Amino acid sequence: MNVRSGAPGGSTRIEMRGVSKAFGSHGNASPVAALANLDLRVPEGSFVSVVGPSGCGKTTILRLVDGLLAADAGEVRVSGAPPRPGPQVGFVFQGFRLIPWATVEANVDFALTSLRLDKAERAERVSRYLATVGLSRFAKAYPGTLSGGMKQRVALARALATDPEILLMDEPFASLDAQTRELMQTELMKLWEQRRQTVLFVTHSVDEAILLSDRIVLMSPRPGRVIEEIEVGLPHPRWQYDVRATPRFTELRTRLWSAIRELVLNDPSSDFHNPSGRPTA
Amino acid sequence: MIAIYRTLFLFALIGLWWIVSLNVGANLIPTPVATLQAAGQLIADGRLAVALGDSLITFVGGYGLAALVAVPLGLVMGMFLPVGKTLEVYVYALAATPRVAFIPLIIVFLGLGFEAKIFIVFLGAVMPIIVNTYAGVLAVDQELIEMARSVRASQFQIFRRILLPGSVPFIIAGLRIGATIGLINTIVAELYTAVRGLGGLLAIYGNTFRMAEYFVIVIVLAIIGVIVSECLRQVEGRLARWKAID
Ligand SMILES: Nc1ncnc2c1ncn2[C@@H]1O[C@H](COP(=O)(O)OP(=O)(O)OP(=O)(O)O)[C@@H](O)[C@H]1O
Ligand SMILES: [Mg+2]
């Protein structure tokens, strides 16, 4: 076991500096500020989680990093260059985004379209990554016939299939039941331990963030900004011991929850707005 | 099971027809037996086959041409929004104009022959196919397109794998409406231009009160409608196999 924080070499893979993004500025409605003056740094080979309430701009961050969206102000750099969508970045979308009329294998194969691989190589990759997520038997099935957990694994296989240096994952396990979720978390830890991609991971779950990441970024909404960054500092690999039983886990959990509680109670647009902190009714 | 119900309903309809024909009088509504005899006569002397052939050429020519023009045009309008936004006003305007209004003009330019007939069918069928194909492309899930951009799929790949299959249900719906209008316009064309085909027979028998023969033609038209619609259903079933969840 090695205690790591940050990454070997420590070079920066993803960097956002003073990034702002508003939506709807083209229409007549007043624009929604999704992100305001956001700074974020993800070191090479590290696992960073973004936690924050709904609508605080988590998905927007991932879309900016993938180059699917352009920032209004500030700078986004991926591997030292402006971001550009492509096979070097794997994106697991919130809500899977599988092609409903394509089979499971065709869905995974679709990620390979921009790589100049020959047919045999492509087929080999597809079957290798379907095996990785345990779905070889369902290669010919259509997404509509799969359970939520299986769809999730197809989406993961598709993101892994190009063997990307960077993985962007948007609440990938949110719709899974507790058991499947735990299995998938372990699976992801093992995959990451082997390959050490740079991972930017979005989740609503504080426990999941602590379990998986090197660093946790806590965000606040309206407009989206970073309010706290926490180094996890638990040794890897974490499937080899009971992370939840460590004092560090409890400490982090308490700290994150109190930060989130404060955030929600002080947010005037939240349903739970209550700055005095006294119980209402 | 549905097939049995359908057959039973058909018998019920024929029964009703029979009762009505006996009460109204054979001059207005022929009995099923008289109609069957007339059908035998029309088939035996070959008049039905000739008329059916004429009408099918008009219909298939006009409708086929409409599909060939409308599907690509609708796709282009949906994929290149400046094109779509420019043309949609004209498409909607033309779709709302009764096409019968153009018939005198068409006769002036194209005469009374097959060209004019095919063009009348074309004009009727083309609009719903364009409108539906266009709507289909616009309705394709934007999140899927973003996913495709994320893996750096080419424009062609996005078209081939996402846009085209995504708009198939709309295209088929357009083709169905187009087929119905095309069939109606086939008959309209045969009534307004050189009187031929099934529409021609309809005019002749209608004007001379030969109701048994008239009914035969009406039934043949209904059968054509069913066949065309059933063919399109088959095509749709084939293209939408992924929807079949057993
Ligand atoms: N395409 C868009 N058009 C208009 N507004 C948008 C668009 N995308 C996001 N927004 C707005 O930007 C803000 C941030 O959205 P984003 O999807 O990044 O939030 P999120 O943190 O991912 O939320 P969730 O946890 O619910 O997924 C929200 O207020 C949202 O309404
Ligand atoms: Mg989101």
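Residues numbered from 1 in each chain as written. Chains lettered and ligands numbered in written order. Predicted model: local features only at pLDDT ≥ 70, side-chain atom pairs only at ≥ 80, totals over all residues. Heavy atoms only, no water.

As recorded in an unreviewed UniProt entry, chain B goes by the name ABC transporter permease, listed as coming from Devosia geojensis. In UniProt, chain B has this text filed under Sequence similarities (unreviewed entry): "Belongs to the binding-protein-dependent transport system permease family." (UniProt positions renumbered as here; feature names shortened; annotations may be inferred.)

Peer 1: Break down the site of ligand 1 for me, citing the residues and quoting the values.
Peer 2: Residues and elements named next belong to chain A. Taken together, 13 residues form the shell around ligand 1, and within it S54, K58, T59, T60 and Q94 come nearest. At a separation of 2.7 Å, an oxygen atom of ligand 1 approaches a polar side-chain atom of K58. Calculation on ligand 1 without its partners gives an accessible area of 630 Å², and the protein chains cover 64% of this total. Looking at the shell around ligand 1, the elements that each hand over two or more residues are β2 (32-43) and α1 (58-66). Of all the elements, α1 adds the most residues to the shell around ligand 1, at three residues. Across the shell around ligand 1, the residue classes tally to four nonpolar, seven polar and two charged. (Near = heavy atom within 4 Å. Polar contact = N/O pair within 3.5 Å; in protein donor to acceptor, adjacent residues only side chain to side chain. Areas by Shrake-Rupley, 256 points an atom, 1.4 Å probe, with all protein chains shown as cover. Helix = DSSP H or I, 4+ residues; strand = E, 2+ residues; numbered from the N terminus. Nonpolar A, V, L, I, M, F, W, Y, C, P; charged D, E, K, R; others polar.)

Peer 1: Now, about the pattern of salt bridges: what can you tell me, with residues and values included?
Peer 2: Residues and elements named next belong to chain A. Within the structure shown, the criterion is met by 25 salt bridges over all chains. The residue D109 makes a salt bridge to R122 at a minimum N-O spacing of 2.7 Å. In this pair, D109 sits in helix α2 (residues 104-110) while R122 sits in helix α3 (residues 119-132), placing the two residues 13 residues apart along the sequence. For D109, a relative accessible area of 23% gives the class partly exposed. Salt-bridge contacts for E229 lead to R215; the nearest nitrogen and oxygen are separated by 2.2 Å. (Salt bridge = Lys/Arg side-chain N within 4 Å of Asp/Glu carboxyl O. Buried < 20%, exposed > 50% of the residue type's maximum accessible area, 1.4 Å probe, protein only.)

Peer 1: Run through the packing of aromatic side chains, naming residues and quoting values.
Peer 2: Scanning the model with the defined rule gives seven aromatic pairs over all chains in all. Both rings, one in A:F173 and one in A:F201, keep their centres 6.0 Å apart while their planes meet at 55°; by these two values the pair is tilted. Separated by 28 residues along the polypeptide, A:F173 in the loop between β6 (166-170) and α5 (178-195) and A:F201 in strand β7 (residues 198-203) bring together distant segments of the chain. A:F201 shares its class with A:F173; the two are buried. With a centroid separation of 5.3 Å and an interplanar angle of 10°, the aromatic rings of B:F59 and B:Y63 are classed as stacked. (Phe/Tyr/Trp six-rings, centres within 6.5 Å; stacked < 30°, edge-to-face > 60°.)

Peer 1: Can you break down the coordination of the magnesium ion (ligand 2) residue by residue, with the values?
Peer 2: Residues and elements named next belong to chain A. Protein-derived coordination of the magnesium ion (ligand 2) comes from T59 (OG1) and Q94 (OE1), at a distance range of 1.9 to 2.3 Å. Pair noted here: T59 is in helix α1 and Q94 is in the loop between β5 (89-92) and α2, with a separation of 35 residues, a long-range link. We classify T59 as partly exposed; its relative accessible area is 26%. A relative accessible area of 37% places Q94 in the partly exposed class. (Donors = N, O, S within 2.8 Å, 3.2 Å for Na, K, Ca; no water.)

Peer 1: Tell me what's going on with the sheet that holds strand β8 (residues 215-220) of chain A, and back it up with residues and numbers.
Peer 2: Sheets are built from strands that pair by backbone hydrogen bonding, the pairs being arranged parallel or antiparallel. All names here are of chain A. Ordered by their spatial adjacency, six strands build an open sheet running β5-β6-β7-β3-β8-β9, and the pairing between neighbours is mixed. Sheet topology places β5 and β9 (225-231) at the edges, where each strand pairs with a single neighbour. Here the average twist between neighbouring strands, direction ignored, is 15°. Taken together, the five bridges between strand β3 (residues 47-51) and β7 define a ladder with parallel strand orientation. Paired with V48 across the bridge in β7 is L200. Packed onto the sheet, α1 meets β3, β5, β6, β7 and β8 and runs at close to 155° relative to β6. (Pairing = 2+ DSSP bridges. Axes fitted to C-alpha atoms, helices over the stretch in contact; angles between N-to-C directions. Contact = heavy atoms within 4.5 Å.)

Peer 1: Account for the UniProt feature "transmembrane region" (unreviewed entry) in chain B, with residues named and values stated.
Peer 2: All names here are of chain B. Summarizing the sequence annotation, UniProt attributes the feature "transmembrane region" (unreviewed entry) to residues 62-83, 90-112, 118-141, 162-192 and 212-232 in the numbering used throughout. From the first C-alpha to the last, residues 90-112 spans 27 Å; its make-up is 65% helix and 0% strand. Note that residues 212-232 is 100% helix and 0% strand, and that its end C-alpha atoms are spaced 31 Å apart.

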